[in-house]
Amino acid sequence: MDLRPHHLLCTQGYSGKGYSDKFVENMNRVTEKLRGSEPVMVHLTCSTDVLCADCPNMLGTDLCSTNEKVKRYDWKVMKYFQLEEKDYIYQELVERIREEMTPEMLADICDGCSWYPVSACREKILGKKKRRTPQQPD
Ligand code: SF4
């Protein structure tokens with residue numbers, strides 16, 4: 001299935017809320033498959049994907065109503081994790097992202113996303129990793 005890079009994060013943090021009933025139904029179907037133990041091949045694409053297909057914000061191929069923002073999320077995920085537009089095993093990628101992601105990186109990637117504060121992204125992707133606080137002098 002086609003998946004845009006920032007949806008590697010959304011599919012982990014998703015906790016049942018979405019843009020419409022149709023979107024949620026599709027998201028439930030896709031995340032159930034991706035969260036299963038069977039390896040799933042995904043094709044990373046910086047364009048509209050399997051989740052956009054049932055989203056009310058999709059205006060056309062490669063066109064989201066917040067295109068500038070979602071393209072920025074995609075670009076940051078590609079850059080941080082040195083990804084390419086090619087096939088990957090979803091579970092392997094997610095494992096690597098969870099290992100390498102820091103709270104600062106996640107906050108930077110997801111800056112401006114309205115789901116970030118209300119979904120389970122931090123809990124699912126970061127686990128117990130905490131944001132670093134600046135060193136205080138003794
Ligand atoms: S169309 Fe836009 S808002 Fe909807 S799932 Fe795709 S990137 Fe997200």
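Below or above, wherever it landed, is the structure these notes cover. Please read all numbers here as calculations on a predicted model, not as lab measurements.

Take the overall build of the protein next. Looking only at helices and strands, the protein has 6 helices and 5 strands in total. Put simply, the protein runs from its N terminus to its C terminus through helices and strands in the order β-α-α-β-β-β-α-β-α-α-α. Rg of the C-alpha trace for the protein: 15 Å, near the compact-globule value of 14 Å for 138 residues, within the 12% margin. Along the first, second and third principal axes, the C-alpha set of the protein runs to 55 × 30 × 25 Å. Within the protein, the proportion of its 138 residues that are buried is 42%.

Looking now at the site of the ligand. Close to the ligand lie R4, H7, Y19, F23, C52, C55, N57, M58, C64 and V70. Taken together, the residues that form the shell around the ligand break down as 7 nonpolar, 2 polar and 1 charged.

Counting 33 residues, the largest nonpolar core has L8, L9, F81, L83, M101 and L106 as the members making the most contacts within it. Those elements giving two or more residues to this core turn out to be α1 (7–13), α2 (21–34), β2 (41–44), α3 (67–80), α4 (90–100), α5 (103–109) and α6 (121–126). In terms of residue count, α2 provides more of this core than any other element does, 5 residues in total. Excluding residues that lie within four positions of it along the chain, L8 makes contacts with L3, L44, V77, L83, Y90, L93, V94 and I97.

This paragraph deals with α2. For α2, built from 14 residues, the straight-helix expectation of 20 Å at 1.5 Å per residue is met to within 8% by its first-to-last C-alpha distance of 20 Å. Residues of α2 that are buried: F23, V24, N26, M27, V30, T31 and L34. Seen along its axis, α2 keeps its buried residues to an arc of 165°; they face one direction. Opposite the buried face of α2, by more than 90 degrees, sit the exposed residues D21, K22, E25, R29, E32 and K33. On its buried side, α2 packs onto α1, β2 and α4.

What counts, and where the lines are drawn
Residues numbered from 1 in each chain as written. Predicted model: local features only at pLDDT ≥ 70, side-chain atom pairs only at ≥ 80, totals over all residues. Heavy atoms only, no water. Helix = DSSP H or I, 4+ residues; strand = E, 2+ residues; numbered from the N terminus. Rg over C-alpha atoms; globule rule 2.2 N^0.38 Å. Buried < 20%, exposed > 50% of the residue type's maximum accessible area, 1.4 Å probe, protein only. Near = heavy atom within 4 Å. Nonpolar A, V, L, I, M, F, W, Y, C, P; charged D, E, K, R; others polar. Core = buried A, V, L, I, M, F, W, Y, C linked by side-chain atoms within 4.5 Å. Contact = heavy atoms within 4.5 Å. Expected span 1.5 Å × (residues − 1). Arc of directions from axis to C-beta.

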